[in-house]
Amino acid sequence: MAQLSMSFLLALSLLAFTPFCSCGNNYQDGNLYPQFYDHSCPKAQAIVKSIVAKAVANEARMAASLLRLHFHDCFVKGCDASILLDSNGQIISEKRSNPNRNSVRGFEVVDEIKSALEKECPNTVSCADILALAARDSTVLRGGPSWVVPLGRRDSRGASLSGSNNDIPAPNNTFQTILTKFKKQGLDIVDLVALSGSHTIGNARCTSFRQRLYNQSGNGQPDFTLQQSYAAQLRSQCPRSGGDQNLFFLDFVSPTTFDNSYFKNLLASKGLLSSDEVLVTSSGVSRGLVQKYAENNELFFEQFAKSMVKMGNISPLTGSRGEIRKNCRRVNKS
């Protein structure tokens, strides 16, 4: 994420915001535009919204899972639904990567959406667009902002296990490493902080933050950037060994509501992951943004919506590139 000037930050703070963002309303760069399916599949967005709503009503955590699928897809080869491909023939699935293994989920919900769309309008709506719409709808269902989703992505015919292992930010990455990974995708420091706010919903596994509780620095001492009573509470359910898959709320204050309490937690040294806490300990610019979002929920919502549109435009396949998969888990037969 590029260096942000203080004058831009000041201008940002003076704007009036509303939860709804019309970002991308007239956006047609790369052949992505909101009306892409208006004639070919006019019920597409309603179908996605209905199935996502049912899944989230059944399990609140699913909202975060679907949002995360879109993020992990876009950071590897662009927003092309490569994350959905199972291993088959020449394809080694990204689901096997370190960031995704035993972690990413929601594939059955995507399958259900795709099946319904194939019945309504065969060979029309891409899996990549399903992920983008499901991410938006999941956010709204948990009380977050809405935005207009530019559409017209096509699906890749391959996956990248190495890209998934190397390009997705990890919980124990340094701030500079995370920033570098965002910059590689054309995203900046504002996008980094705003998109990190998605951790206002969802869970993390014990294995993702254990090093903070016991031996982050390698000297056997706990991480004192983590508020100690909170750390003690975490240690009771995340032992030094074992319990790797035990789940913890990323935002313990309002774990199923999309709001700005995540940023308030960071300022109180109660960010669960190291990659959360570095936003306030490693950069004055990122800490300033955290403070602004903690103070102003509407400001956070507006920027989150803008950054989601921006992320959704990472290297999309359009035109004759890629394909419209009939099944999101495998490429079409030639």
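Note that the coordinates shown come from a computational prediction; the quantities given were computed from them, not determined experimentally. (Residues numbered from 1 in each chain as written. Predicted model: local features only at pLDDT ≥ 70, side-chain atom pairs only at ≥ 80, totals over all residues. Heavy atoms only, no water.)

1. Considering the UniProt feature "site: Transition state stabilizer" (unreviewed entry) in the chain
The feature "site: Transition state stabilizer" (unreviewed entry), as annotated in UniProt, sits at Arg68 in this numbering. The exposure class assigned to Arg68 is partly exposed, which follows from its relative accessible area of 30%. Residue contacts for Arg68: discarding those within four places in its chain leaves Pro99, Ser103 and Val104. (UniProt positions renumbered as here; feature names shortened; annotations may be inferred. Buried < 20%, exposed > 50% of the residue type's maximum accessible area, 1.4 Å probe, protein only. Contact = heavy atoms within 4.5 Å.)

2. Topic: the UniProt feature "active site" (unreviewed entry) in the chain
In the UniProt entry, the feature "active site" (unreviewed entry) is given for His72. Tracing the sequence through the fold places His72 in helix H3 (residues 62–74). Overall, the relative accessible area of 5% leaves His72 in the buried class. For His72, the contacting residues outside a window of four places in its chain are Ile83, Pro99, Asn100, Val104 and Ile168. (Helix = DSSP H or I, 4+ residues; strand = E, 2+ residues; numbered from the N terminus.)

3. Concerning the pattern of salt bridges
Per the counting criterion, the structure on display carries 15 salt bridges. Between Glu112 and Lys54 there is a salt bridge, and its shortest N-O distance comes to 2.4 Å. Pair noted here: Glu112 is in helix H4 (residues 107–120) and Lys54 is in helix H2 (residues 44–58), with a separation of 58 residues, a long-range link. Judged by its relative accessible area of 49%, Lys54 is partly exposed. Salt-bridge contacts for Lys114 lead to Glu118; the nearest nitrogen and oxygen are separated by 3.0 Å. Highlighted residues: Lys114 and Glu118, both in helix H4, separated by 4 residues, approximately one helical turn. Among the residues examined, Lys114 registers a relative accessible area of 2% and is labelled buried. Overlapping salt bridges, with partners in common, bring together Asp86, Lys95, Asp111 and Arg329 in one network. (Salt bridge = Lys/Arg side-chain N within 4 Å of Asp/Glu carboxyl O.)

4. Quick word on the packing of helix H7 (residues 175–184) against helix H8 (residues 189–196)
Put simply, H7 and H8 touch, their axes get as near as 9 Å, and they point 105 degrees apart. When the axes of H7 and H8 are compared, the pair comes out roughly perpendicular. Within the contact between the two elements, H7 uses Phe175, Ile178, Leu179 and Phe182 and H8 uses Ile189, Asp191, Leu192 and Leu195. Tallied by class, residues from the contact of H7 with H8 come to 7 nonpolar, no polar and 1 charged. (Axes fitted to C-alpha atoms, helices over the stretch in contact; angles between N-to-C directions. Parallel < 35°, antiparallel > 145°, perpendicular 65-115°, else oblique. Nonpolar A, V, L, I, M, F, W, Y, C, P; charged D, E, K, R; others polar.)

5. Remarks on the nonpolar core
Grouped together as the largest cluster of nonpolar side chains are 77 residues, with contacts concentrated most on Leu84, Leu117, Phe263, Tyr293 and Met311. Residues contacting Tyr293, with those up to four places away along its chain left out, are Val190, Val193, Ala194, Asn260, Phe263, Leu299, Phe300 and Gln303. Cys206, Tyr214, Leu226 and Leu272 belong to the second-largest nonpolar core, a separate cluster that totals 14 residues. (Core = buried A, V, L, I, M, F, W, Y, C linked by side-chain atoms within 4.5 Å.)

6. Let's talk about the packing of aromatic side chains
Counted under the stated rule, the structure contains 17 aromatic pairs. Taken together, a centroid distance of 5.0 Å and an interplanar angle of 65 degrees make the contact between Phe75 and Phe182 edge-to-face. Note that Phe75 is positioned in the loop between H3 and H4 and Phe182 in helix H7, a separation of 107 residues in sequence. You can call Phe75 buried: its relative accessible area is 0%. Looking at Phe182, the relative accessible area reads 3%, which means it is buried. Their ring planes at 65 degrees and their centres at 5.8 Å tell us that Phe300 and Phe304 sit as a pair that is edge-to-face. Taken together, the positions of Phe300 and Phe304, both in helix H14 (residues 297–311) and 4 residues apart, correspond to about one turn of that helix. With respect to burial, Phe300 and Phe304 carry one shared label: buried. The structure contains a cluster of three or more aromatic residues connected by ring pairs, namely Trp147, Phe258, Tyr262, Phe263, Tyr293, Phe300, Phe301 and Phe304. Here the guanidinium or amino end of Lys95 rests over the ring plane of Phe107, the centre of that ring lying 4.1 Å away. (Phe/Tyr/Trp six-rings, centres within 6.5 Å; stacked < 30°, edge-to-face > 60°. Lys NZ or Arg CZ within 6 Å of the ring centre and 35° of its normal.)

7. Quick notes on the state of the cysteines
Scanning the entire structure with this criterion turns up 4 disulfides. Across the disulfide from Cys41 sits Cys121; the S-S distance is 1.9 Å. Sign of the S-S torsion, about -50 degrees for the bond between Cys41 and Cys121, identifies this disulfide as left-handed. Taken together, the residues Cys41 in the loop between strand E1 (20–21) and H2 and Cys121 in the loop between H4 and helix H5 (127–141) connect sequence positions 80 residues apart. As far as burial versus exposure is concerned, Cys41 and Cys121 are alike and both buried. Disulfide pairing is shown between Cys127 and Cys328; the S-S distance is 2.1 Å. In this structure the cystine formed by Cys127 and Cys328 twists about its S-S bond by roughly -95 degrees; its chirality is therefore left-handed. Note that Cys127 is positioned in helix H5 and Cys328 in the segment after H14, a separation of 201 residues in sequence. According to the relative accessible area criterion, Cys328 is buried, its value standing at 2%. (Disulfide = S-S within 2.5 Å.)

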